[in-house]
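Geometric and topological summary
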Amino acid sequence: MENLYDNPDYYDLAFSWRNIAKEVDVFEECFRRYSEIPVKRVLELASGTSPHLEELSRRGYTYTGLDLSRAMVSWSRAKARKLGIDARFIEADMVDFRLPQPVDFVFTMCGSLYAKSTDEFLEHLESVAKALRRGGLYFLDWCINFEWNQPKGEQRWKMERDGVEIAVRFLEEVTDPASLLLDKSGKFDFVGWWNDWDLARPMENETSANRPITLVRRR
Ligand SMILES: C[S@@+](CC[C@H](N)C(=O)[O-])C[C@H]1O[C@@H](n2cnc3c(N)ncnc32)[C@H](O)[C@@H]1O
């Protein structure tokens, strides 16, 4: 079959295994815990068939979807019209985009962060920073991978020389290059990352990754 993204009907079916209401519950828990601004307007990047549009709109949020594919944008626009939802759709590249009006929350789902180089990723963050009001959250679903094969955990040992004894506690932790790049952008603070959409399971305590979510906040 050709590109799934040119076939929104098939895409929508292929990714329909998610529990959308539960995912929007997690968004709202993030707003309550971590957003420094009230959330009304939300932006989905690489929005595809906009699976969260209906649920978000039902809960009172105003939705904007941005996607590179004309087929996806038209499909979602038609869906919103059919559902009687007043939403905006923009055909654009998530690496470099501008919104007419800033939003209070941005999200990218299912690893859909399409930046092909460090420069593109930094350009993407610059675009998100312009689109997102200060104190607002950027939510990344499985856009950051975790390398579990790296050494991890605590080591302890003692050394003695010339009557001086030293007790060493040495902790190695996984550092993800994406978080370092976030620092480099200078526009976001790291809030946290959790496994499997569960805010009770920070990645630091996990031994494997399944659909991890990452949250950063616009400075
Ligand atoms: C896996 S789908 C995600 C769709 C939707 N967010 C969801 O949760 O089901 C990826 C989408 O990214 C879009 N896409 C690919 N490259 C893009 C880019 N550079 N900028 C914006 N959208 C892009 C594709 O057209 C496709 O609709």
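Structure: see above.
So, here is what we can say about the structure in this document.

**Some points on the sheet that holds strand 3 (residues 88-91)**
Read from one edge of the open sheet, 7 strands run 3-2-1-4-5-9-8, paired in mixed fashion. The open sheet has two edge strands with one neighbour each: strand 3 and strand 8 (188-194). Here the average twist between neighbouring strands, direction ignored, is 20°. Here strand 1 (residues 41-45) pairs with strand 2 (residues 62-67) via 5 bridges, running parallel. Bridged to Leu45 within strand 2 is Leu66. Across the sheet, helix 2 (residues 20-34) is in contact with strand 4 (103-108), strand 5 (132-141), strand 8 and strand 9 (213-218); its angle to strand 5 comes to roughly 140°. Each of strand 1, strand 4, strand 5, strand 8 and strand 9 touches helix 5 (residues 118-131); the most contacted strand, strand 5, lies at about 130° to it.

**Examining the site of the ligand**
As a structural note, the neighbourhood of the ligand is formed by 18 residues, with Tyr11, Arg18, Glu44, Ala46 and Asp67 the closest of them. In the environment of the ligand, an oxygen atom lies 2.7 Å from a nitrogen or oxygen atom belonging to the side chain of Arg18. Met94 is positioned such that a nitrogen or oxygen atom in its backbone is 2.9 Å from a nitrogen atom of the ligand. Taken by itself the ligand offers 610 Å² of open surface, and the protein chains cover 95% of this. If you map the ligand onto the pockets, it falls in the largest pocket. Grouping the amino acids of the shell around the ligand by side-chain chemistry returns 10 nonpolar, 4 polar and 4 charged.

**A short note on helix 2**
Helix length check: helix 2, at 15 residues, gives a terminal C-alpha distance of 21 Å against a target of 21 Å (1.5 Å per residue), a fit within 8%. Here helix 2 has its buried residues at Ile20, Glu23, Val24, Val26, Phe27, Glu28, Cys30, Phe31 and Tyr34. The inward-facing, buried residues of helix 2 contact helix 3 (53-58), strand 4, strand 5, strand 8 and strand 9.

**Here's the deal with the nonpolar core**
Core analysis: the largest hydrophobic core is formed by 29 residues, its most contacted members being Phe27, Phe105, Phe107 and Phe139. Looking at this core, the elements that each hand over two or more residues are helix 2, helix 3, helix 4 (70-83), strand 4, strand 5, strand 8 and strand 9. Counting residues per element, this core draws most heavily on helix 2, which supplies 7 residues. Beyond its immediate sequence surroundings of up to four residues, Phe27 is in contact with His52, Leu56, Phe105, Phe107, Met109, Phe139 and Trp197. Counting 24 residues, the second-largest nonpolar core is a separate cluster that includes Leu45, Leu122, Leu125 and Leu132.

**Observations concerning unusual backbone geometry**
Even without a glycine there, the phi angle at Cys110 is positive, about 50°. Structurally, the position occupied by Cys110 is in the loop between strand 4 and helix 5. In the Ramachandran plot, Trp197 falls in the positive-phi region, its phi being about 65° despite a non-glycine side chain. Relative to the helices and strands, Trp197 resides in the loop between strand 8 and strand 9. A relative accessible area of 10% places Trp197 in the buried class.

**Comments concerning the pattern of salt bridges**
For the structure shown, the criterion picks out 19 salt bridges. Of the charged contacts, one joins Lys116 and Glu120 as a salt bridge, the two residues approaching to 3.9 Å between their closest N and O atoms. For Lys116, a relative accessible area of 73% gives the class exposed. Under the relative-accessibility criterion, Glu120 is labelled partly exposed at 22%.

Reading the values: rules and limits
Residues numbered from 1 in each chain as written. Predicted model: local features only at pLDDT ≥ 70, side-chain atom pairs only at ≥ 80, totals over all residues. Heavy atoms only, no water. Pairing = 2+ DSSP bridges. Helix = DSSP H or I, 4+ residues; strand = E, 2+ residues; numbered from the N terminus. Axes fitted to C-alpha atoms, helices over the stretch in contact; angles between N-to-C directions. Contact = heavy atoms within 4.5 Å. Near = heavy atom within 4 Å. Polar contact = N/O pair within 3.5 Å; in protein donor to acceptor, adjacent residues only side chain to side chain. Areas by Shrake-Rupley, 256 points an atom, 1.4 Å probe, with all protein chains shown as cover. 1 Å grid on protein atoms, 1.4 Å probe; cavity = no way out; pocket = protein on both sides within 12 Å on 5 of 7 lines; lining within 4 Å. Sits in = over half its atoms within 2 Å of the grid points. Nonpolar A, V, L, I, M, F, W, Y, C, P; charged D, E, K, R; others polar. Expected span 1.5 Å × (residues − 1). Buried < 20%, exposed > 50% of the residue type's maximum accessible area, 1.4 Å probe, protein only. Core = buried A, V, L, I, M, F, W, Y, C linked by side-chain atoms within 4.5 Å. Salt bridge = Lys/Arg side-chain N within 4 Å of Asp/Glu carboxyl O.

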